[in-house]
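Structural description and commentary
The residues making up each chain are set out below.
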Amino acid sequence: MNKWLKLQVGAVELRPDEEKLAEAKHQLTAYFAGELREFKLPLDMRGTPFQRQVWEALRTIPYGESASYKEMALAVGNRQAVRAVGGANNRNPVPVIVPCHRVIGAAGALVGYAGGLAVKSRLLELEAGQSAQDQTGIYLF
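Residues numbered from 1 in each chain as written. Predicted model: local features only at pLDDT ≥ 70, side-chain atom pairs only at ≥ 80, totals over all residues. Heavy atoms only, no water.

Turning next to helix α5 (residues 82–90). The α-helix winds at 3.6 residues per turn, so residues separated by three or four positions along the chain end up facing the same way. Taken together, the buried positions of α5 are Val85, Ala88 and Asn89. Along the long axis of α5, the arc covered by the buried residues comes to 100 degrees, so they all point the same way. Elements in contact with the buried residues of α5: α3 (49–58), α4 (69–75) and β2 (103–104). (Buried < 20%, exposed > 50% of the residue type's maximum accessible area, 1.4 Å probe, protein only. Helix = DSSP H or I, 4+ residues; strand = E, 2+ residues; numbered from the N terminus. Arc of directions from axis to C-beta. Contact = heavy atoms within 4.5 Å.)

As C-alpha cells, this is what we get:
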C-alpha cells in the first residue's frame, strides 16, 4: 500500500481510522459470506485515465460472471488494448471491491492476477457457488 501511494500521490503518512474503514470491512465480510454481490463504497481511484476507465468497466462485470481481457478492451473502446487492460488490472488498488478477478483469458483460462491464481480461482468459485446456490439451493463446489 505504501509503495502504491508513493507512486500515485507522493509522500503520505497512513493513519488507521477504524471508523472510516468500518463500512468497507462490513461489506467485505458480507461478500465473503456470500451475502453481498456489489460493493457500494466511495472510492478515490488514482491512476491514469485509461486505468480508471478499465477499473470502471470492471465494475460492470456481474457477480458470478467473467469477461475476457479482449472483451474488456472492447468495453473501453480499444480492441488492441488487451495487454494494457491486463496492466490496469494488475494496478487495481482495491481488488475484490473492483472485481479484476472476473477477467479471464480468451479461452477461459485463469491468467494474470496480482494476488495469485489460487486466490483468483477461489474468488471465482465463491461467486459461482453463490450463483448456483441462488438457483438450486445447493452449492456446486
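We are not done yet, so read on.
In this structure, Tyr31, Phe39, Leu58 and Met72 are the most contacted members of the largest nonpolar core, which totals 29 residues. Among the secondary structure elements, those contributing two or more residues to this core are α2 (18–32), α3, α4, α5 and α6 (117–136). Of the residues forming this core, the biggest block, four residues, is contributed by α3. Aside from chain neighbours lying at most four places away, what touches Tyr31 is Leu36, Phe39, Tyr63, Val96, His101, Leu123, Leu126 and Glu127. (Core = buried A, V, L, I, M, F, W, Y, C linked by side-chain atoms within 4.5 Å.)

Our focus in this paragraph is the confidence of the model for the protein chain. Regions with low pLDDT should not have their predicted coordinates read in detail. Here the protein chain averages 87 in pLDDT, while 87% of its residues score no lower than 70. Predicted confidence is poor over residues 135–141, with pLDDT under 50, and the contacts of this stretch with residues over four places away or in other chains come to eleven contacts. (pLDDT = per-residue confidence, 0-100.)

Unusually for a residue other than glycine, Val96 sits at a positive phi of about 80 degrees. With respect to the helices and strands, Val96 occurs in the loop between α5 and β2.

Geometry of a packed helix pair, given as the angle between the helix axes and the separation of the axes. Where α3 meets α5, the closest approach of the two axes is 9 Å, and the angle between their N-to-C directions is 80 degrees. Looking at the two axes, α3 sits roughly perpendicular to α5. For the pair formed by α3 and α5, the contact residues are Phe50, Gln51, Val54, Trp55 and Leu58 on the first element and Ala84, Val85, Ala88 and Asn89 on the second. Counted by class, the contact of α3 with α5 contains seven nonpolar, two polar and no charged residues. (Axes fitted to C-alpha atoms, helices over the stretch in contact; angles between N-to-C directions. Parallel < 35°, antiparallel > 145°, perpendicular 65-115°, else oblique. Nonpolar A, V, L, I, M, F, W, Y, C, P; charged D, E, K, R; others polar.)

Between its first and last C-alpha atoms α2 spans 20 Å; for 15 residues at 1.5 Å apiece the expected length is 21 Å, and the two agree. Here α2 starts with a cap whose side-chain oxygen sits 3.1 Å from the backbone nitrogen of Glu19, and that cap is Asp17. (Expected span 1.5 Å × (residues − 1). Polar contact = N/O pair within 3.5 Å; in protein donor to acceptor, adjacent residues only side chain to side chain.)

Before going further, it helps to spend a moment on the side chain of Lys120. Mapping Lys120 onto the fold places it in helix α6. Of the buried charged residues, Lys120 lacks a salt bridge, with Glu127 as the closest side chain of opposite charge at 11 Å. (Lys, Arg positive; Asp, Glu negative; His and termini not counted. Salt bridge = Lys/Arg side-chain N within 4 Å of Asp/Glu carboxyl O.)

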